[in-house]
Amino acid sequence: MLAYGRQSIDGSDVEAVVDALSSDWLTTGPQVDAFEADLAGWTGGTPCVVVSNGTAALHVAYAAAEIGRGDEVITSPMTFVATAATAIAQGARVVFADVEPDTANIDPVAVRASLTASTRVVTAVDYAGHPAEYDDLRKITADAGALLIADAAHSLGSSYRGAPVGTLADLTTFSFFPTKNITTGEGGAVAVAEPTRLEAARRFRSHGLVRDPQRQREPDEGGWHQEVHAFGLNYRLPDVLCALGRSQLRRLASFKVKRATLVDRYDELLADVPGLTLPTRRDWVDPIRHLYPVRIHDGRRREVYDRMRAGGIGVQVNYIPVYWHPVFADLGYRRGLCPVAEEFYREELSLPLFVDLTESEQDRVVDLLTTILR
Ligand SMILES: Cc1ncc(COP(=O)(O)O)c(C=O)c1O
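Residues numbered from 1 in each chain as written. Predicted model: local features only at pLDDT ≥ 70, side-chain atom pairs only at ≥ 80, totals over all residues. Heavy atoms only, no water.

Student: Before we go on, may I ask you to explain the overall build of the protein in this structure?
Tutor: Counting secondary structure elements, the protein contains 12 helices and 15 strands. Taken against the 2.2 N^0.38 rule, which gives 21 Å for 374 residues, the C-alpha radius of gyration of the protein at 21 Å falls within 12% of a compact globule. Taking all 374 residues of the protein together, 56% fall into the buried category. When the accessible surface of the protein is summed, it comes to about 15900 Å², and 52% of that surface belongs to carbon and sulfur atoms. With 38 positive and 50 negative side-chain charges, the protein shows a separation of 3 Å between the mean positions of the two kinds. (Helix = DSSP H or I, 4+ residues; strand = E, 2+ residues; numbered from the N terminus. Rg over C-alpha atoms; globule rule 2.2 N^0.38 Å. Buried < 20%, exposed > 50% of the residue type's maximum accessible area, 1.4 Å probe, protein only. Areas by Shrake-Rupley, 256 points an atom, 1.4 Å probe, with all protein chains shown as cover. Lys, Arg positive; Asp, Glu negative; His and termini not counted. Charge placed at Lys NZ, Arg CZ, Asp CG, Glu CD.)

Structural data, given as structure tokens:
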């Protein structure tokens, strides 16, 4: 089965991991700081905290945003469940705002309509790698006294009006799962400029431990002393994986070119196929495409999914609207809440897109899809 997404690992990645394995540090060593510094080169200099996965990154971001019981987080239903689940884990209530029909990104108009006195955070998701409308979202959150979080699991390497992802929100989270733009197997990061929140993110990643004597309540206890002032968890990313991340980052510029080439080729080869809408790009956005999401018309998405899979093409559906999950139904969320997202979901199909996808594999995808739809 041809996957819809997968990693690209070459000899330089293997070498980086082997070197780290032979070093003194498997975790909490120098590769962690080095990976964070390298990552900041892609986030416009915004400092980064690397963590064990993208879900942990969201949890860390919500913790650093200090949300808790009684607070509301507005987010998109067109995302992986983790964007909402981690806010709920912090005790917040999640409010879903509908998406824009072309990009499937959260609609600023719907966000504004969803604001209440309890809104503390708006979390945008850069669906498929295409940044959300950050100018509007920043204005809305500034007016409301709320924080803006970007779930950039799909969009490391993208930019919006010339500004890189990582500079567009108060906190930005990344995932390094194998299908993502770079991978560390499992991994993630939070980019945050504000120093207090940066420090909170670092502490939450590592049990909340305070090791700096100047910040401790009992600094004279002894050299071994460490304190916990607020609970955290172990969300650390090992050195071995940070070494892989650094190596992947060195390849990210070429990944971007390769993904763009494949997207252009899909756009061209599928342009005249009936019953299909191809993904769009707004003029002011320079995306690194994580997904190639097409829309299948006339109620045929299920049939096309089944026939593509039967033909060995591992298409995917991204995403079931988050509040359709039974856990949200049990909390009282009802279908129909975000009609644009639901309509998008009913038609969406992600075609295989990854760096090492060959032209002949891509031709197989196009040929089968064309045969089904013509
Ligand atoms: C939009 C989005 N947010 C969050 C996550 C969670 O990332 P991870 O799988 O690294 O925990 C994912 C990954 O599937 C995602 O696609």
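Now that the structure has been shown, the text picks up again.
Student: Would you explain the pattern of salt bridges in this entry?
Tutor: Opposite charge on two side chains permits them to pair, given that their charged atoms come into close proximity. The final tally for this structure, using the stated rule, is 25 salt bridges. Asp71 is the salt-bridge partner of Arg120, the closest N and O atoms lying 3.1 Å from each other. Of this pair, Arg120 sits in strand 4 (residues 119-125) while Asp71 sits in the loop between helix 3 (54-64) and strand 2 (72-75), placing them 49 residues apart in sequence. A residue is classified by how much of its surface remains accessible, and Asp71, at 12% relative accessible area, is buried. The shortest N-O distance in the salt bridge between Arg161 and Asp135 comes to 3.1 Å. Within this pair, whereas Arg161 is found in the loop between strand 6 (159-160) and strand 7 (163-164), its partner Asp135 is found in helix 6 (residues 134-144), the two being separated by 26 residues in sequence. Residue Arg161 is classed as partly exposed on the basis of its relative accessible area of 45%. For Asp135, a relative accessible area of 41% puts it in the partly exposed group. Ionic contacts of the salt-bridge type, sharing partners, join the residues Glu100, Asp102, Glu133 and Arg282 into one network. (Salt bridge = Lys/Arg side-chain N within 4 Å of Asp/Glu carboxyl O.)

Student: In this structure, what is going on with the site of the ligand? I would like to understand it.
Tutor: Taken together, the neighbourhood of the ligand is formed by 15 residues, with Gly54, Thr55, Asp151, Ser175 and Lys180 sitting nearest. His154 is positioned with one of its side-chain polar atoms (N or O) 2.9 Å from an oxygen atom of the ligand. Here the ligand has 390 Å² of accessible area as a free molecule, and 91% of this is covered by the chains. Judged by the fraction of its atoms near the pocket grid, the ligand is located in the second largest pocket. The dominant element in the shell around the ligand, judged by the number of residues it contributes, is helix 3, at 3 residues. (Near = heavy atom within 4 Å. Polar contact = N/O pair within 3.5 Å; in protein donor to acceptor, adjacent residues only side chain to side chain. 1 Å grid on protein atoms, 1.4 Å probe; cavity = no way out; pocket = protein on both sides within 12 Å on 5 of 7 lines; lining within 4 Å. Sits in = over half its atoms within 2 Å of the grid points.)

Student: Is there a simple way to explain the environment of Leu21 in this structure?
Tutor: Tracing the chain through its elements places Leu21 in helix 1 (residues 11-21). As for Leu21 and Gly245, which are separated by 224 residues in sequence, their C-alpha atoms are 14 Å apart. Beyond its immediate chain neighbours, meaning those up to four positions away, Leu21 contacts Leu26 and Val240. (Contact = heavy atoms within 4.5 Å.)

Student: Any chance you could explain empty space enclosed by the protein here in plain terms?
Tutor: To find leftover empty space, one rolls a probe the size of a water molecule over the atoms. This model, assessed by the stated rule, comprises 1 cavity of 30 Å³ or more. Of the pockets and cavities examined, the largest cavity occupies roughly 50 Å³. Along its surface, the largest cavity is lined by Arg6, Gln7, Ser8, Pro178, Lys180, Asn181, Ile182, Thr183, Gln248, Phe255, Arg259 and Val355. (Points joined across faces, edges and corners; volume = space filled by probe spheres on them.)

Student: Is there a simple way to think about helix 12 (residues 359-373) in this case?
Tutor: An α-helical turn contains 3.6 residues, so any two residues separated by three or four positions project in the same direction. Between its first and last C-alpha, helix 12 extends 21 Å over 15 residues, near the 21 Å set by a 1.5 Å rise per residue. Every buried residue belonging to helix 12 is among Gln362, Val365, Val366, Leu369, Thr370, Ile372 and Leu373, and all of these are buried. Projected down its long axis, helix 12 carries its buried residues within an arc of 165 degrees, all on one side. Turned more than 90 degrees from where helix 12 packs its buried face, Ser360 and Thr371 sit exposed. Where helix 12 is buried, its residues contact helix 8 (239-270), strand 12 (276-277), strand 14 (292-296), helix 9 (301-310) and strand 15 (348-351). (Expected span 1.5 Å × (residues − 1). Arc of directions from axis to C-beta.)

Student: Is there a simple way to explain the layout of surface pockets in this structure?
Tutor: Considering only enclosed or pocket space, the largest pocket measures out at about 500 Å³ in volume. Only helix 2 (30-40), helix 7 (195-205) and strand 10 (209-210) provide two or more residues apiece to the lining of the largest pocket. Among the elements that make up the lining of the largest pocket, the one with the highest residue count is helix 7 (4 residues). Of the voids in this model, the second largest pocket is the one considered here, and its volume is about 400 Å³.

Student: What is the right way to look at helix 7 in this model?
Tutor: All of the buried residues in helix 7 are Arg197, Leu198, Ala201, Phe204 and Arg205. The buried residues of helix 7 all sit within an arc of 130 degrees when viewed along its axis, so they share a single face. Opposite the buried face of helix 7, by more than 90 degrees, sit the exposed residues Pro195 and Thr196. For helix 7, the elements touching its buried residues are helix 2, strand 1 (48-51), helix 3, strand 5 (147-151), strand 8 (171-175) and strand 9 (188-192).

As far as function goes, none of this settles anything; it's purely spatial.
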